[in-house]
Amino acid sequence: MTTTLRPTAPLQRNSDGARSRPYQVCVNSRPVGAIELATDPDAGPDAGRIRSLHIEEPDRRRGRGTVAALAAEEVLRSWRCSRVEARIPADAEAALRLATTLGYVERNRAMAKDLTGPAPELPGGCSARAMTEDEYPAWLADTKAKYVRMWTERGLTEDQAHARSESDHARMLPDGLATPDMWITCLLDAGEVAGTIWVAGEETGRYVYWVQVDESFRGRGHGRSLMLAAEREARAAGVRRMALNVYTHNTPALRLYESLGYRPTSYSLHKPL
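Source: prediction; values computed, not measured.

Check the secondary structure of the chain and you find six helices and 13 strands. Viewed in the frame of its principal axes, the chain has a C-alpha envelope of about 70 × 45 × 30 Å. Taken across its 273 residues, the chain has 44% of its residues classed as buried. Partitioning the intrachain contacts of the chain with sequence separation of at least 6 by distance along the chain shows that 63% fall at a separation of at least 24.

Below, the structure is given as structure tokens:
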């Protein structure tokens, strides 16, 4: 039997250069499922993405998904992609097993926590307050620099990474500390700023963008204290859910979030082509 991908719509091209196309998964010309492919400028200039893959129930457990994924990789190679990425829901165990079997490696995961029970207390000697206008310029410059480094590690050139950092921060923080639904909080240890946490508000909860402990204060559990401070603030505002993203090579951060009760909601994996 021959498994092929049959386009079901014209190739779509966006103004930013991204492209996408849906396909039927066919066995001997008989449709057995669907798959959607795209390039992903958000993941880098040469990244492809399997947006979705579905095999109909009667044709599952016959290797159809495996062959479809391999055929998708060939399509993405023809689009000059050098890697492929996929985001898999945490409860899609079969899809996760398939991706792992095909050589995909987890890069980061989305995690979330329902805020129930009493608000946590900060450790003795610690307190939290909003960032001041005097502190903001230095924090912003440092955050932008780290953001540039993150994107160069993911394949952007220095110029591309700088341009992305400037545009993303301008979009997310157009009014600086006065931007609605954005909170940048400082953790104080004996009156000194030990670290900061940047949190965004959403209809369904709050999202942690950035957690940073100053180098001279590391090793004292302040990453946990920053998270607790953000949770206290969210609870006080009536928010009942916190979410975040963590790169899985950052083992200390991953272990911290797990210990605080955050659980995976999706996994982001990638594979070189």
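With that settled, the discussion passes to the pattern of salt bridges. Following the criterion strictly, the structure yields 25 salt bridges and no others. The partner of Asp 59 in a salt bridge is Arg 30, and the shortest N-O contact between them spans 3.0 Å. Of this pair, Asp 59 sits in the loop between strand 5 (47-55) and helix 1 (64-78) while Arg 30 sits in strand 4 (residues 30-39), and the two are 29 residues apart along the sequence. By relative accessible area, Arg 30 is classed as partly exposed at 40%. A salt bridge links Arg 83 to Glu 85; its shortest N-O distance comes to 3.2 Å. Take Arg 83 and Glu 85: they sit in the same class, and that class is buried. One continuous salt-bridge network, built from bridges that share partners, spans Asp 46, Arg 49, Arg 83, Glu 85 and Arg 107.

A few words on the pairing of strand 4. Inspection of the sheet shows strand 3 (residues 19-27) paired to strand 4 by eight bridges, in the antiparallel sense. By the bridge assignment, Gln 24 is partnered in strand 4 with Ala 34. Pairing between strand 4 and strand 5: seven bridges, direction antiparallel. Following the sheet pairing, Ile 35 is matched in strand 5 by Leu 53.

Our focus in this paragraph is the environment of Glu 153. For Glu 153, the position within the fold is in helix 3 (residues 136-153). Along the primary structure Glu 153 and Ala 43 are separated by 110 residues, whereas in three dimensions their C-alpha atoms are 11 Å apart.

What follows covers the pairing of strand 7 (residues 105-114). Both faces of the sheet carry side chains from a regular strand, because those side chains alternate between them. Both strand 7 and strand 13 (residues 263-272) contribute to a ladder of seven bridges, which runs antiparallel. Residue Ala 112 lies in a different strand from strand 13, and its bridge partner there is Arg 263. Bridge count between strand 7 and strand 12 (residues 241-247): seven bridges; the pairing is antiparallel. Paired with Lys 113 across the two strands is Met 242, which belongs to strand 12.

The buried category is assigned to Asp 59, whose relative accessible area is 5%. Excluding residues within four positions of it along the chain, Asp 59 makes contact with Arg 30, Val 32 and Arg 64.

Within the largest apolar cluster, 25 residues are counted, with the highest numbers of intra-cluster contacts made by Met 227, Leu 244, Tyr 257 and Tyr 262. Counting only elements with at least two residues in this core, the list comes to strand 10 (192-202), strand 11 (205-213), helix 5 (222-236), strand 12 and helix 6 (251-259). Looking at this core, the element that brings in the most residues is helix 5, giving five residues. Excluding residues that lie within four positions of it along the chain, Leu 244 makes contacts with Arg 109, Ala 110, Met 111, Tyr 207, Val 208, Met 227, Tyr 257 and Tyr 262. One finds Ile 35, Ile 55, Ala 69 and Val 84 within the second-largest nonpolar core, a separate group that totals 23 residues.

A word on unusual backbone geometry. Although it is not a glycine, Asp 181 sits at a positive phi angle of roughly 65 degrees. Turning to its location among the elements, Asp 181 is positioned in the loop between helix 4 (158-172) and strand 9 (182-189). Residue Asp 181 is classed as partly exposed on the basis of its relative accessible area, which comes to 49%.

Considered for burial, the residues of helix 6 that qualify are Ala 253, Leu 254, Leu 256 and Tyr 257. One side of helix 6 holds all its buried residues, which, seen down the axis, span an arc of 160 degrees. Among the structural elements, strand 7, strand 11, helix 5 and strand 12 are those in contact with the buried residues of helix 6. Gly 261, located one to two residues past helix 6, shows a positive phi value of around 100 degrees.

Quick look at the packing of helix 3 against helix 4 now. Between helix 3 and helix 4, the least distance of the axes is 8 Å, while the angle of their chain directions is 135 degrees. One finds that helix 3 runs oblique with respect to helix 4. Viewed along their axes, helix 3 and helix 4 form a crossing whose handedness is right-handed. Contact residues: Leu 140, Thr 143, Lys 144, Tyr 147, Val 148, Trp 151 and Thr 152 in helix 3; Glu 158, Ala 161, His 162, Arg 164, Ser 165, Glu 166, Asp 168 and His 169 in helix 4. Grouping the constituent residues of the contact of helix 3 with helix 4 by class yields five nonpolar, five polar and five charged.

Quick notes on the rules
- Residues numbered from 1 in each chain as written.
- Predicted model: local features only at pLDDT ≥ 70, side-chain atom pairs only at ≥ 80, totals over all residues.
- Heavy atoms only, no water.
- Helix = DSSP H or I, 4+ residues; strand = E, 2+ residues; numbered from the N terminus.
- Buried < 20%, exposed > 50% of the residue type's maximum accessible area, 1.4 Å probe, protein only.
- Contact = heavy atoms within 4.5 Å.
- Salt bridge = Lys/Arg side-chain N within 4 Å of Asp/Glu carboxyl O.
- Pairing = 2+ DSSP bridges.
- Core = buried A, V, L, I, M, F, W, Y, C linked by side-chain atoms within 4.5 Å.
- Arc of directions from axis to C-beta.
- Axes fitted to C-alpha atoms, helices over the stretch in contact; angles between N-to-C directions.
- Parallel < 35°, antiparallel > 145°, perpendicular 65-115°, else oblique.
- Left-handed = near helix turned anticlockwise from the far one by under 90°.
- Nonpolar A, V, L, I, M, F, W, Y, C, P; charged D, E, K, R; others polar.

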